[in-house]
Amino acid sequence: MQSNQAVDALPFEQKIVDLEKKIRELKELSDGEHLDLGPEIEKLSQKLARLREDTYQNISAWEVTQIARHPQRPYTLDYIRNLFTDFVEMHGGRQFYDDNAIVGGMARFNGEPVVVIGHEKGRGTDEKIFRNFGMPHPEGYRKALRLMQFANKFQRPLVLFIDTPGAYPGKEAEERGQGEAIARNIFDMSFLKVPVLVIVIGEGGSGGAVALGVGDRVLMLEHSIYSVISPEGCASILWKDVSKSKDAANALKITSRHLQDLGIIDGIIPEPLGGAHYDHEKTYKAVREAISKNLAELKLIAPDLLVEQRFEKYAKMGVFVDEGHGA
Amino acid sequence: MGWFTSKKKDIPDVFVKCTGCGEAVYNKELQKNLYVCPHCDRHLRMPNDVRIEFLCDENSFQEFNASIMASDPLGFSDSATYGERIQKAQEKTRSKEAIITGFASIEGHRLVIGMFDFSFMGGSMGSVVGEKIARAAQASLDHNLPLVIFSASGGARMHEGILSLMQMVKTSQAVAKLSKRHLPFISVLCDPTTGGVSASFAMLGDIIMAEPKALIGFAGPRVIEQTIRETLPEGFQTSEFLLEKGVIDMIVSRPEMRSTMARILSFFKQKDGAYYAVQPSR
Ligand SMILES: [Zn+2]
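What counts and what doesn't
Residues numbered from 1 in each chain as written. Chains lettered and ligands numbered in written order. Predicted model: local features only at pLDDT ≥ 70, side-chain atom pairs only at ≥ 80, totals over all residues. Heavy atoms only, no water. Buried < 20%, exposed > 50% of the residue type's maximum accessible area, 1.4 Å probe, protein only. Helix = DSSP H or I, 4+ residues; strand = E, 2+ residues; numbered from the N terminus. Pairing = 2+ DSSP bridges. Domains from an automatic or database assignment. Donors = N, O, S within 2.8 Å, 3.2 Å for Na, K, Ca; no water. Tetrahedral: all angles 85-135°; square planar, octahedral: opposite > 155°, others 65-115°. Right-handed = clockwise from strand over helix to strand, strands pointing away.

1. Looking at the pairing of strand β5 (residues 99-106) of chain B
Residue and element names in this part refer to chain B.
And then number 1: Buried residues dominate β5, accounting for eight of its eight residues.
And then number 2: Covered by surrounding structure in β5 are I99, T101, F103 and S105 together with I100, G102, A104 and I106, the residues of both alternating faces.
And then number 3: Where strand β3 (residues 62-64) lies against β5, three bridges are found, and the strand directions are antiparallel. Bridge pairing in β5 links E63 to G102.
And then number 4: Relative to strand β6 (residues 109-116), β5 runs antiparallel, the two being bridged by eight bridges.

Laid out in structure tokens, this is it:
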């Protein structure tokens, strides 16, 4: 996705696309007819730059949702391939089957051994189906947990990438204890005596995200989302109208800025103008820097203290009124 | 459905239609029968004061943290504001929130108990429910007492967005602390227990019980049906189904609840009468 041509524009980017097209046409006209349209092209180019600024600066939560789900956005495996070396993929939670909605294994980051795990949505129809669109069954969470315990046993830091619409709402998933699998991950992640760095790279979908999301540092890419329910799900339950997803997205406060303001996340990783899909290399650079910085800081904290602080951090989450004197 | 929200002193003289078999049941009879339908044995939702009365020793329940109330951290509003919805729920249920917590005893065994109120915004878990569970767990730690929570919840409270999602972590860690101290946590799943509650503390009990025929699952049946485009079989996601799948330990009917709970609590008791199996390190 290095050139703008290759990027599929989103509906809210239509004005930008139109203006780009107009400039292209003028350029062709200018070249073909030997007309001097330079000043006009220059004027429109400036207008385009302003339009881009305006569009992306005043972006709504619903528009961010579309960027977060953009099929050309880097996925977990893209980050693993581009930011890590010596990746050795590991498979399975030793139960039932290997859930391909979760990928993970040992790797090196800046030469240091780490364990990296994430949801993988898959690109293209076949791979999407193979990955179940990044929606794990219980076995996916148990696979992730096995790799986390592996990291814990051999004292390697964990880097976790979150990118899922949510846990798979299917029959077998329920039969095999979807809720228990998520709960167990939350429980066991809390006690990991290694640094846990969580990065929401696209969609942080509800319980399916939390099951990989209990970390010492939780970062979000600028245009990723993290939500208790999808805007569509919320709209259909509370508004009884899925076309109100835009309102729901806005009301739910799901953007990185909101989550930082609410004290839920520890940092935002900036994205190129328009989103990560416009410039993968630039995105990798920003994510690489964030991982380097955070792992270096977390490495200085004693294992017991990591656990203690992880408990303290989540115990503080919640906003309520307490007028009484407690127990 | 006003009947299951009313306090016992002014039970209205009305017939209630059982949600299980559709038979009309006299409200007073239902209350006397622990809100179990005499025709089909369906365990209907019951008010917490009635549950306390049949489960706990007389006058043993002492509520704590009763005054914690929701605020509106997101300024959330759909057709009504979150503040209005809270107020309406408080008026309807005469409860301040979707859970009550406190000390109690069952056949002389002291414990910390929490009980969801499904009639309060579907028993949804937001910041207040999370905080009350965390404080209940802390009370267990402080007094070396077992923790028992009766869940009945549709899941996370959407009106508090990501904050409600984080309550899954907060409550799981709260019971994790008990686990670390070898204090028992008994989770009782009532109808319905779904969503975020079923994917956090409620599934982390040392013992997980369920009331008969309760709906228990992570995803709601309608969402599953829409996803897999088929109708779910009869009895899917019921207590009986989950027992068969090995997800829960046992199904306990209301008439058996008090004696079963007492028997289980006594298992954890040490010779000196304390509940912790290992001397706390600090
Ligand atoms: Zn009945």
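2. Structural notes on the domain arrangement of chain A
And then number 1: According to the domain assignment, chain A consists of domain 1 (13-58) and domain 2 (65-315).
And then number 2: Each of domain 1 of chain A and domain 2 of chain A was reduced to a C-alpha centroid, and the two centroids are 38 Å apart.

3. A closer look at the coordination of the zinc ion
All names here are of chain B.
And then number 1: Here the zinc ion is held by C18 (SG), C21 (SG), C37 (SG) and C40 (SG), and the distances to it run 2.3 to 2.4 Å.
And then number 2: Metal-centred angles of 105 to 113° between the four donor atoms at the zinc ion mark the site as tetrahedral.
And then number 3: The motif formed by the donor residues of the zinc ion, counted along the single chain, is C-x2-C-x15-C-x2-C. Within this pair, whereas C18 is found in the loop between β1 (15-17) and β2 (24-26), its partner C40 is found in the loop between α1 (27-32) and α2 (48-55), the two being separated by 22 residues in sequence.

4. Thoughts on the pairing of strand β8 (residues 185-194) of chain B
Residue and element names in this part refer to chain B.
And then number 1: Most of β8 sits inside the fold, with 10 of its 10 residues counted as buried.
And then number 2: With six bridges connecting them, strand β7 (residues 147-153) and β8 associate as parallel partners. Within β8, the position partnered with S151 by the bridge is L189.
And then number 3: For the crossover that starts at β7, traverses helix α5 (residues 161-180) and ends in the parallel β8, the hand is right-handed.
And then number 4: Where β8 lies against strand β10 (residues 216-217), two bridges are found, and the strand directions are parallel. Of the residues in β10, the one forming a bridge with T193 is I216.

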